[in-house]
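# Analysis of the macromolecular model
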Amino acid sequence: MEELILQLKQEIINVLNLEDVAPGDIADDAPLFGEGLGLDSIDALELIVLMEKLYGIKLKDPAQGREIFKSIRVMATYIHANRTK
Amino acid sequence: MSKVNDIYILAAKQISVQPPLTDEWMDAPVSYGKPYVRSIDPDYKLYFEPNAARRLGKILKRALVTSRQVTAAIGDAKLDAIVTATGLGCIENTELFLDTLARKGEMEAMLKPTHFMHSTHNTIGSLIAIDVRCHGYNSTYAHKATSFECALTDVFVQLESNRIQTALVGAHDEMTPTHFTMLKRTGYLGHAVNGFSGEVALSMMLATTPKESTLCRLRGVEVEYCPNDEALRQMLNRLLQRAQCSWEEIDNVMVGVSGQQANDQIYAGICPALFPGKKLLRYKHLFGESYTASGLGIYAAAVCLSQQRIPAHLFVDRESGEQRGVKHILLYNQLEGKNHSFILLSACGK
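This write-up is about the structure you can find in this document. (Residues numbered from 1 in each chain as written. Chains lettered and ligands numbered in written order. Predicted model: local features only at pLDDT ≥ 70, side-chain atom pairs only at ≥ 80, totals over all residues. Heavy atoms only, no water.)

With that settled, the discussion passes to the overall build of chain B. Helices and strands together make up the secondary structure of chain B, namely 11 helices and 12 strands. Along the first, second and third principal axes, the C-alpha atoms of chain B reach 60 × 50 × 35 Å. Within chain B, the fraction of its 350 residues that count as buried is 57%. Within chain B, counting contacts between residues at least 6 apart in sequence, those at least 24 apart form 76% of the total. Total accessible area computed for chain B in this model is approximately 15,000 Å², and 52% of it derives from carbon and sulfur atoms. (Helix = DSSP H or I, 4+ residues; strand = E, 2+ residues; numbered from the N terminus. Buried < 20%, exposed > 50% of the residue type's maximum accessible area, 1.4 Å probe, protein only. Contact = heavy atoms within 4.5 Å. Areas by Shrake-Rupley, 256 points an atom, 1.4 Å probe, with all protein chains shown as cover.)

Given below as structure tokens:
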């Protein structure tokens, strides 16, 4: 799980072009939206594409994202349980 | 006939292949011995918070930085309009998602939304409006080599007729490696018989009321498609007549010669007869060729009028020294003998 969390942080930094942010700057349990990283709705779209592209997880209901993208740890747990690649 | 407004260029800023956001090219122009050159970007960290800049491609960062700098020229006055000229729009982002589709075989649903959202031509004008908080008129002109002249005509008519009092006019184009390769294959750029390709980010603030920092006056714009010699002469006469300026008053004519032999030969065929006795100036040897390069021509002429001098390197004949005291500069651009335009600028108070 720790390896997946680190990989996920790196992918999010790359995909969202978070310059000046290192994996160590993102707390595992900090909120991704609003506070914490301060991501927004366009980032949510980017994360949905990331989930499908890298892990084969297709989120059919965008409302699901609200729960899944709560924090890096919640996201990693969901990926671990549902990934198809 | 009701009185029409005078129009002033209050400020102009560029990011191009010359040092950015300065007029250093007047005294220390940067030369390039290669056919493909990209702009010299300023340190964008000085202008954007990292989180605000992370989605912006270079063309958007350049547009926002130059726009912010010239918007300051109107002080507390309201910005009435934003008019943008771009030949290719946000081509880098367009290429990114098209490449993902075509070359990597990704499905449409897997495309990065940011690249798609920031790929249209009017993304530039829209983002400027959000950034400078302008809810007024917003329009984008994408007509290849006459994009800038069309944008300028729109603003000129609206300012002259008092529909608006201030307007931000921009010329924005980037030259990606892919697009340059395509132009090279067609023989348009990239060979010994061509000039070099550049990129453009130019923002100009126009207004009906002058400020202390005003660069010059914009007296008129004329654009025409495929005029014959007589129609071209009439076009020029019409411009001068409307501006109430005589041919004898024009100091110099700035033309769009670029080193591209085929197009320069058209200038060589037209200029001696159309502009007898006038010394020709150039600007594309500094800024390179691009769809909206003529925006940098008007910028170069405006700086010369503001500083009341024309540096020696701007003269086509390369034998003239620096010229002091300049009142009126006529700009003439044409591409492939089809799209012709005249723009007349005058020093303030002339």
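Resuming the write-up.
Let us look at the overall build of chain A. Helices and strands together make up the secondary structure of chain A, namely 4 helices and 0 strands. Secondary structure elements of chain A, listed N to C terminal, follow the sequence α-α-α-α. The globule rule puts the C-alpha radius of gyration for 85 residues at 12 Å, and the 12 Å found for chain A is close to it. By principal-axis analysis of the C-alpha atoms, chain A measures approximately 30 × 25 × 20 Å. Expressed as a percentage of the 85 residues in chain A, the buried residues total 39%. Of all intrachain contacts in chain A linking residues separated by at least 6 positions in sequence, the fraction that spans at least 24 positions is 60%. Surface summary for chain A: the accessible area is close to 4,600 Å², and the carbon and sulfur share equals 53%. Counting 9 positive and 15 negative side-chain charges, chain A places the centres of these two groups 10 Å from one another. (Rg over C-alpha atoms; globule rule 2.2 N^0.38 Å. Lys, Arg positive; Asp, Glu negative; His and termini not counted. Charge placed at Lys NZ, Arg CZ, Asp CG, Glu CD.)

Residue and element names in this part refer to chain B. Across all of its chains, the model carries 12 aromatic pairs over all chains by this definition. With centroids separated by 6.1 Å and ring planes inclined at 25°, the aromatic side chains of tryptophan 247 and phenylalanine 275 adopt a geometry described as stacked. Of this pair, tryptophan 247 sits in the loop between α8 (229-243) and β7 (252-255) while phenylalanine 275 sits in the loop between α9 (261-274) and β8 (279-282); the two residues are 28 residues apart in sequence, bridging distant segments of the chain. The residues tryptophan 247 and phenylalanine 275 share a single accessibility class, namely buried. Taken together through their ring pairs, the aromatic side chains of Trp247, Tyr267, Phe275, Tyr332 and Phe342 make up a single cluster. (Phe/Tyr/Trp six-rings, centres within 6.5 Å; stacked < 30°, edge-to-face > 60°.)

On to empty space enclosed by the protein, then. Here the idea is plain: a probe the size of a water molecule rolls over the atoms and shows the empty space left. Residue and element names in this part refer to chain B. Following the criterion strictly, the structure yields 3 cavities of 30 Å³ or more and no others. Taken as a whole, the largest cavity encloses approximately 190 Å³ of empty space. Lining the largest cavity are 20 residues, with Ala145, Lys284, Glu289, Ser290 and Tyr291 sitting closest to its centre. Of all the elements in the fold, those that place two or more residues in the lining of the largest cavity are β11 (328-335) and β12 (339-346). In terms of residue count, the dominant contributor to the lining of the largest cavity is β11 (3 residues). (1 Å grid on protein atoms, 1.4 Å probe; cavity = no way out; pocket = protein on both sides within 12 Å on 5 of 7 lines; lining within 4 Å. Points joined across faces, edges and corners; volume = space filled by probe spheres on them.)

On to the sheet that holds β8(B). All names here are of chain B. Within the open sheet, the 10 strands sit side by side as β3-β2-β4-β5-β1-β6-β12-β11-β7-β8. Their pairing is mixed. The outermost strands of the open sheet, each flanked by one partner alone, are β3 (137-141) and β8. Strand-to-strand twist of the sheet, defined as the mean angle between neighbouring strand axes without regard to direction, takes the value 25°. In this structure, β11 lies alongside β12, joined through 8 bridges in antiparallel fashion. (Pairing = 2+ DSSP bridges. Axes fitted to C-alpha atoms, helices over the stretch in contact; angles between N-to-C directions.)

On to the interface of chain B and chain A. When the parts of a complex come together, some accessible area is lost, and that lost area is often used as the size of the interface. With 14 residues of chain B at the contact, the number on the chain A side is 17 residues. Sorting the residues of chain B by area buried against chain A places B:Arg54, B:Arg55 and B:Met110 first, and these three jointly supply 44% of that buried surface. Among the salt bridges present, the one from B:Lys112 reaches A:Glu46, with a minimum N-O distance of 3.1 Å. Taken together, the links from chain B to chain A amount to 8 residue pairs in polar contact (both at pLDDT 80 or more). Take the side of chain B that touches chain A: its biggest share by element is 3 residues, from helix α4 (residues 113-117) of chain B. Here the residues of the side of chain B that touches chain A are counted per class, giving 6 nonpolar, 2 polar and 6 charged. (Buried area = accessible area lost by both parts, 1.4 Å probe. Salt bridge = Lys/Arg side-chain N within 4 Å of Asp/Glu carboxyl O. Polar contact = N/O pair within 3.5 Å; in protein donor to acceptor, adjacent residues only side chain to side chain. Nonpolar A, V, L, I, M, F, W, Y, C, P; charged D, E, K, R; others polar.)

Keep in mind these numbers describe shape, not what the thing actually does.
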